[in-house]
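Geometric and topological summary
If you want the building blocks of each chain, they are given just below.
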Amino acid sequence: MPIVEMRARLVFLFRMLKVDAVIVHDPSALYERNPDHYVTARAVESACWMSRSEWDYPEHFRAD
């Protein structure tokens, strides 16, 4: 799954569920060898700050 699609879905879920905390692998870890871990961590990290902005994915607000 492309990271852009994963991030969009995570932003939608974070907004609908009103998530306060998320636990993932360290997105800046240089020691992680599993690509699933660091791609997911980067998607979650960017989705966390994007979910707070009304300018990113404004179509999500119509789903309420």
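Parameters at a glance
- Residues numbered from 1 in each chain as written.
- Predicted model: local features only at pLDDT ≥ 70, side-chain atom pairs only at ≥ 80, totals over all residues.
- Heavy atoms only, no water.
- 1 Å grid on protein atoms, 1.4 Å probe; cavity = no way out; pocket = protein on both sides within 12 Å on 5 of 7 lines; lining within 4 Å.
- Points joined across faces, edges and corners; volume = space filled by probe spheres on them.
- Nonpolar A, V, L, I, M, F, W, Y, C, P; charged D, E, K, R; others polar.
- Helix = DSSP H or I, 4+ residues; strand = E, 2+ residues; numbered from the N terminus.
- Contact = heavy atoms within 4.5 Å.
- Buried < 20%, exposed > 50% of the residue type's maximum accessible area, 1.4 Å probe, protein only.

This part covers the layout of surface pockets. Considering only enclosed or pocket space, the largest pocket measures out at about 150 Å³ in volume. In this structure, the largest pocket is lined by Phe14, Arg15, Val19, Asp20, Ala21, Val22, Cys48, Ser51 and Arg52. Its residues assigned to classes, the lining of the largest pocket comprises five nonpolar, one polar and three charged.

In terms of backbone geometry, most residues other than glycine have negative phi values and most peptide bonds are trans. Positive phi, close to 55 degrees, is recorded for Lys18, a residue that is not glycine. Mapped onto the secondary structure, Lys18 falls in the loop between helix H1 (3–17) and helix H2 (35–50).

Within the secondary structure, Cys48 is located in helix H2. Here the alpha-carbon distance between Cys48 and Val19, two residues 29 residues apart in the chain, equals 9.0 Å. Excluding residues that lie within four positions of it along the chain, Cys48 makes contacts with Phe14 and Val22.

Turning next to the environment of Trp49. Among the structural elements, Trp49 can be located in helix H2. Its relative accessible area of 49% is what places Trp49 among the partly exposed residues. Separated by 38 residues in the primary sequence, Trp49 and Val11 have C-alpha atoms spaced 8.8 Å apart.

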